[in-house]
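Coordinates in review
Each chain is listed here by its residues.
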Amino acid sequence: MYAVFKRELFSFLNSLMAYITIGVFLLACALLLWFFPDTSILDYGYAELGSFFGLVPFLFMFLVPAITMRSFAEERKEGTYVLLATSPLTDLQLIAAKYLACVVLLLFALIPTSVYYYSIYQLGLPKGNIDSGAVIGSYLGLFLLGNAFTAIGIFASSITKNQVIAFAVAVFLCFFSFSGFDSASKLFEFQFLEGLLVNLGINEHYQSISRGVLDTRDLVYFITFVALFLGLSKLAIGGRKW
């Protein structure tokens, strides 16, 4: 499993596409956070990163599928999956190795954004006038959100050998799981059904963690969400004759 994980991670790091994807993500974050007047922290005037943590989930909807789209789709297209299938690994171990490699790459994309926290910390009046606990909670929420989107991306890649289709399916599922349930809840007048749909969506749990409150219900939700889509990925690759 470690060999597959290392192979997958280094294939990403040796790919120009990975650096372009992460570079575009970081550039978009920088432009939205510091230069565009509607979202600029400098124009907002408060020492907080709320706008950053509000924007990144929507950038993740494109970044994560771009990272995960090649996981199984490329293996199928190149015909190399047969080599993996004959290795002494179960389907779940193979999926977990690819999943963890994508999560590590996602962490590589997130780590440079910590400079934003340092910048706001220095620019605050007085210096250090920023809620560090809320920032830590928001980063944890982003990491869990990235894990959930990665599981979706792995599933999307497991059902097709076309990377473009895998990307499109993953983007749609990420958007629906984050915002779709909130929108659907507004269609119903029953308060119970509305609350149920909101709780099924990722956004509600992401916002809860971003407030700096670590609730076990939110952790259980993300763990269950990831397990569900990795389980669906197992069904997808296990039910096919590669």
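Residues numbered from 1 in each chain as written. Predicted model: local features only at pLDDT ≥ 70, side-chain atom pairs only at ≥ 80, totals over all residues. Heavy atoms only, no water.

1. Things to note about the overall build of the chain
In terms of helices and strands, the chain carries 13 helices and zero strands. Listed by position from the N terminus, the elements making up the chain come as α-α-α-α-α-α-α-α-α-α-α-α-α. The 242 residues of the chain split such that 45% are buried. Taking the contacts inside the chain whose residues are at least 6 apart along the sequence as the reference set, 76% of them involve residues at least 24 apart. Counting every atom, the chain has about 12,700 Å² of accessible surface; 69% of that belongs to carbon and sulfur. (Helix = DSSP H or I, 4+ residues; strand = E, 2+ residues; numbered from the N terminus. Buried < 20%, exposed > 50% of the residue type's maximum accessible area, 1.4 Å probe, protein only. Contact = heavy atoms within 4.5 Å. Areas by Shrake-Rupley, 256 points an atom, 1.4 Å probe, with all protein chains shown as cover.)

2. Re the packing of aromatic side chains
Counted under the stated rule, the structure contains 13 aromatic pairs. Aromatic rings pair up to connect Trp34, Phe52, Phe53, Tyr116 and Tyr139 into one cluster. Against the face of Phe72 rests Lys98, its NZ or CZ located 5.3 Å from the ring centre. (Phe/Tyr/Trp six-rings, centres within 6.5 Å; stacked < 30°, edge-to-face > 60°. Lys NZ or Arg CZ within 6 Å of the ring centre and 35° of its normal.)

3. Section: the packing of helix α4 (residues 50–68) against helix α10 (residues 163–185)
Between α4 and α10, the least distance of the axes is 9 Å, while the angle of their chain directions is 150°. Classified by the angle between their axes, α4 and α10 sit roughly antiparallel to one another. The handedness of the crossing between α4 and α10 is right-handed. The segment α4 lies against α10, with Pro57, Phe58, Met61, Phe62, Pro65 and Ala66 engaging Phe167, Ala170, Val171, Cys174, Phe175, Phe178 and Ser179. Here the contact of α4 with α10 is composed, by residue class, of 12 nonpolar, one polar and no charged. (Axes fitted to C-alpha atoms, helices over the stretch in contact; angles between N-to-C directions. Parallel < 35°, antiparallel > 145°, perpendicular 65-115°, else oblique. Left-handed = near helix turned anticlockwise from the far one by under 90°. Nonpolar A, V, L, I, M, F, W, Y, C, P; charged D, E, K, R; others polar.)

4. Observations concerning the nonpolar core
In this structure, Leu49, Phe52, Phe60, Leu142, Phe149 and Ile202 are the most contacted members of the largest nonpolar core, which totals 62 residues. Among residues more than four places away in sequence, those in contact with Phe149 are Pro57, Phe60, Met61, Val64, Cys174, Ser177, Phe178 and Ile202. (Core = buried A, V, L, I, M, F, W, Y, C linked by side-chain atoms within 4.5 Å.)

5. Here we look at a nonpolar patch on the surface
Taken together, the side chains of Leu16, Met17, Tyr19, Ile20 and Val24 present a nonpolar region at the surface, about 540 Å² in accessible area. Relative to the helices and strands, Leu16 is located in helix α2 (residues 16–35). Residue classification places Leu16 among the exposed residues on the basis of a relative accessible area of 62%. (Patch = residues over 30% accessible without salt bridge, like charges linked within 9 Å, V, L, I, M, F, W, Y side chains within 5 Å. Salt bridge = Lys/Arg side-chain N within 4 Å of Asp/Glu carboxyl O.)

6. Quick notes on the environment of Glu74
With respect to the helices and strands, the residue Glu74 is situated in helix α5 (residues 73–78). For the pair Glu74 and Ser157, spaced 83 residues apart in sequence, the C-alpha to C-alpha distance is 8.5 Å.

7. What about the pattern of salt bridges?
Counted according to the given criterion, the structure contains two salt bridges. In this structure, the salt-bridge partner of Glu8 is Lys98, at a minimum N-O distance of 2.9 Å. Placement of the pair is Glu8 in helix α1 (residues 2–13) and Lys98 in helix α7 (residues 91–110), with a sequence separation of 90 residues. Residue Glu8 shares its accessibility class with Lys98, and that shared class is buried. Beyond isolated ion pairs, a larger network of salt bridges with shared partners links Arg7, Glu8 and Lys98.

8. Remarks on the side chain of Glu8
Assessed through its relative accessible area of 3%, Glu8 is described here as buried. Other than its neighbours up to four places away in sequence, Glu8 contacts Arg70, Ser71, Glu75, Lys98 and Ala101.

9. Details of the packing of helix α9 (residues 132–158) against helix α13 (residues 216–238)
Relative orientation and spacing of two packed helices are given, respectively, by the angle between their axes and the distance between those axes. Their axes nearest at 8 Å, the elements α9 and α13 cross at an angle of 10°. As the angle between them shows, α9 and α13 are arranged roughly parallel. Viewed along their axes, α9 and α13 form a crossing whose handedness is left-handed. Of the residues in α13, those touching α9 at Leu144, Leu145, Asn147, Ala148, Ala151, Ile152, Ile154, Phe155 and Ser158 are Leu219, Phe222, Phe225, Val226, Phe229, Leu230, Leu232, Ser233, Ala236 and Ile237.

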